[in-house]
Amino acid sequence: MDGGGRLARSPRSPRQQIGLMDAVLGAAAGLRARLRPARSAAKSPRNVRDEHSPRLIAFVERLPRRAGLMATLLLLAGSAGLGIVKGGHLEAFLTSLSDTRNALANSAGFRITSVAINGRKQLSQDEVLAIGGVNGRSSLLFLDAAAVREKLKADPWISDATVLKLYPGQLRIDITERAPFALWQHDGRLFVISEDGAVLQNYVPDRLLKLPLVVGKGAATRARDFLTLLARYPQVRAVTKAAIFVGERRWNLLLNDGLDVRLPENDVSNALASLSNLDKDEHLFSKDIVAIDLRLPDRLIVQLSDEAAKAREDALKKKEPKKKVGDA
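Residues numbered from 1 in each chain as written. Predicted model: local features only at pLDDT ≥ 70, side-chain atom pairs only at ≥ 80, totals over all residues. Heavy atoms only, no water.

*Asks:* Looking at this structure, I do not really get the sheet that holds strand S8 (residues 240–246). What am I missing?
*Replies:* Within a sheet, each strand pairs with its neighbour through backbone hydrogen bonds, oriented either parallel or antiparallel. One open sheet accounts for nine strands, arranged S6-S5-S4-S7-S8-S9-S10-S11-S12; its pairing is mixed. Looking at strand neighbours, the two that pair on one side only are strand S6 (199–201) and strand S12 (301–304), the edges of this open sheet. Geometrically, the sheet is characterised by an average inter-axis angle of 30° between neighbouring strands, direction not taken into account. In the sheet, strand S5 (residues 189–193) pairs with S6 via two bridges, with the strands oriented antiparallel. Its bridge partner lying in S6, Ile-193 is registered against Val-199. Here helix H7 (residues 219–230) sits on the sheet in contact with strand S4 (182–186), S5, strand S7 (213–215), S8 and strand S9 (250–255), set at roughly 65° to S9. (Pairing = 2+ DSSP bridges. Helix = DSSP H or I, 4+ residues; strand = E, 2+ residues; numbered from the N terminus. Axes fitted to C-alpha atoms, helices over the stretch in contact; angles between N-to-C directions. Contact = heavy atoms within 4.5 Å.)

*Asks:* What's the story with the side chain of Asn-106 in this structure? I'm lost.
*Replies:* In this structure, Asn-106 sits in helix H4 (residues 90–110). A residue is classified by how much of its surface remains accessible, and Asn-106, at 9% relative accessible area, is buried. In this view, Asn-106 contacts Arg-111, Arg-137, Ser-138 and Ser-139; residues no more than four positions away in its chain are not counted. (Buried < 20%, exposed > 50% of the residue type's maximum accessible area, 1.4 Å probe, protein only.)

*Asks:* Help me out: how do you make sense of the pattern of salt bridges in this one?
*Replies:* Side-chain pairing between opposite charges can occur once the charged atoms of the two side chains come close. Taken as a whole, this structure holds nine salt bridges when the rule is applied. The salt bridge partner of Asp-298 is Arg-299, with a shortest N-O separation of 3.5 Å. A cluster of three or more residues bridged by salt bridges with shared partners is formed by Arg-149, Glu-150 and Asp-160. (Salt bridge = Lys/Arg side-chain N within 4 Å of Asp/Glu carboxyl O.)

*Asks:* Would you mind showing me how to read the packing of aromatic side chains here?
*Replies:* For any two aromatic rings, the description comes down to two numbers: the centre-to-centre distance and the angle of the planes. Inspection of the entire model under this criterion finds four aromatic pairs. Between the aromatic rings of Trp-184 and Phe-191, the centroid separation amounts to 5.5 Å while the plane-to-plane angle is 35°, which identifies the pairing as tilted. A relative accessible area of 13% places Trp-184 in the buried class. Given the relative accessible area of 11%, Phe-191 is considered buried. Taking the centre distance of 4.5 Å and the plane angle of 10° together, the rings of Phe-226 and Trp-251 count as stacked. In this pair, Phe-226 sits in helix H7 while Trp-251 sits in strand S9, placing the two residues 25 residues apart along the sequence. Taken together, the aromatic side chains of Phe-226, Phe-245 and Trp-251 make up a single cluster linked through ring pairs. (Phe/Tyr/Trp six-rings, centres within 6.5 Å; stacked < 30°, edge-to-face > 60°.)

*Asks:* Hey, could you run me through the packing of H7 against helix H9 (residues 268–282) in this one?
*Replies:* Each pair of packed helices can be described by the angle between their axes along with the distance between the axes. Where H7 meets H9, the closest approach of the two axes is 10 Å, and the angle between their N-to-C directions is 35°. Between H7 and H9 the crossing geometry is right-handed. Between H7, through Phe-226, Leu-229 and Leu-230, and H9, the contact on the second element is made entirely by Val-268, Ser-269 and Leu-272. (Left-handed = near helix turned anticlockwise from the far one by under 90°.)

*Asks:* How should I be thinking about H9 in this particular structure?
*Replies:* With 15 residues, H9 extends 21 Å between its outermost C-alpha atoms, agreeing within 8% with the 21 Å of an ideal straight helix rising 1.5 Å per residue. Contacts from the buried residues of H9 go to H7, helix H8 (234–237), S9, strand S10 (260–262) and strand S11 (289–293). His-283 lies just past H9 and shows a positive phi near 55°. (Expected span 1.5 Å × (residues − 1).)

*Asks:* Sorry, what's going on with the packing of helix H5 (residues 125–132) against helix H6 (residues 145–154) here?
*Replies:* In contact at an axis separation of 7 Å, H5 and H6 are set at 115° when each is read in the N-to-C sense. By the criterion of interaxial angle, the relationship of H5 to H6 is roughly perpendicular. Taking contact as the criterion, the partners of Val-128, Ile-131 and Gly-132 in H5 are, on H6, Val-148, Lys-151 and Leu-152. Considering only residue class, the contact of H5 with H6 consists of four nonpolar, one polar and one charged. (Parallel < 35°, antiparallel > 145°, perpendicular 65-115°, else oblique. Nonpolar A, V, L, I, M, F, W, Y, C, P; charged D, E, K, R; others polar.)

*Asks:* Please explain H7 as it appears in this structure.
*Replies:* An α-helix turns once per 3.6 residues; consequently, residues spaced three or four apart project the same way. Taking 1.5 Å per residue, twelve residues should reach 16 Å; H7 reaches only 14 Å between its end C-alpha atoms and comes up short. Listing the buried residues of H7 in full gives Ala-219, Ala-220, Ala-223, Phe-226, Leu-227, Leu-229 and Leu-230. End-on view of H7: buried residues confined to an arc of 145°, all on one side of the axis. Summarising the geometry of H7, the exposed residues directed more than 90 degrees from the buried face are Thr-221 and Asp-225. (Arc of directions from axis to C-beta.)

*Asks:* Help me understand the sheet that holds strand S1 (residues 114–118) in this model?
*Replies:* The strand order S1-S3-S2 describes an open sheet built from three strands, whose pairing is mixed. Looking at strand neighbours, the two that pair on one side only are S1 and strand S2 (158–166), the edges of this open sheet. Sheet twist, expressed as the average angle between the axes of neighbouring strands with direction ignored, equals 15°. With eight bridges joining them, S2 and strand S3 (residues 170–177) adopt antiparallel strand pairing. Paired with Leu-166 across the bridge in S3 is Gln-170. Strands in contact with H5 are S1 and S3; relative to S1, the strand with the most contacts, it is inclined by about 100°. Seen against the sheet, H6 touches S2 and S3 and runs at an angle of roughly 160° to S2.

*Asks:* Can you walk me through the pairing of S5 in this structure?
*Replies:* As defined by bridge partners, S4 adjoins S5 across five bridges and the pair is classed as antiparallel. When the bridges of S5 are listed, Leu-183 appears paired with Val-192. Where S4 folds back on S5, the antiparallel hairpin that results is connected by two residues, among which Asp-187 adopts a positive phi of roughly 55°. Hairpin remark: S5 followed by S6, antiparallel, with five residues in the connecting loop; positive phi at Gly-197, about 90°.

Here's what the structure looks like:
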C-alpha cells in the first residue's frame, strides 16, 4: 500500500505493456473472423426479430411525451361509447349531439326562417315537415337534403320529392303526391289505396268515403284495370256498391240493392256490355232477383228471390189447363 492507504500498482515495463496490447488485438481479430461468416450467411427469423426489437424500442422512445395522455383519453372515450351503446342510449346521445350543433348553427345565423312546400294536396305542411324530420331545432347548415328527400319518398303518400337549401335560411320542398284511388277491404280492415295498389293509410276520413270499394285478397293491385273497364259502362257503374275479387281470379259485383252479379274470368268486357244492355232494355236491375250469373259464355242465369220464386210458381200453377171430366 502507498502512504495514502491505497493499493499501489506495480509499475509495468514497456515490454509487458506491448505484450498485453498484442494479446488484446489478437483476441479482437479472432472474434472478427468468427463473426464474418455469420454475417454473410442468410439471416434466420430469430435474427430478424432481434433486429426489429431495437427498432421498436427506438420508435417508442421517439413518441411524443403526451402520447400516454392521448392514449388514456382515447381509452376513456371508447369506454364511454361502449357504455352508451350497451345501455341503449345511443339514439338519445346522437339526438343531443345533433341538437347541440344545430343550436350553434342557428345562433350563427343559419336558422330556417321560411319554408315553401309545393305539390301537396292531401298532406298538410306540418305533416310534410314531420315526415322529412325537419323541426324547430333544425338548422339549414346541418340539414341533410338528401336524407330528407329519402324520408319523404319512403312515405306512401309521396312518390317523389325535391329538397333545396337556399342560404341563409330558406328551405324549399317540392313533392309529387299519390292520389287516393279506391278503398280496399281485406281481413275486415279498410285501407285507402292509390292507383298502383299502394296502401296510403289504414283509416278512411269522411272526405274519402265515396271512393270505389274493392274487396278481397289481391284486389288492391288489380283494382285500377278493373275499375277503368267498369267505368266504360256507366249504367252498371252507377249502381255498383263494391267489386269483389274472388279467388284472385275473377270479379263479382255487389249492387246497391244487394244484387250479386257473377262475372266470368275472361271476356269481362262483353259480360258487362250484355249486363248494361239488359238493364236498358228489360230493366233487369229493378226486378225481384238476388243474383245474375254471367260466367257461362252462352247463357245468363238469374236467381229469383224467395218471394219472387213463390209468386212465379203460383202464377205457373194458375196457367195450367184444368182437366175435363172424363179425362183419364
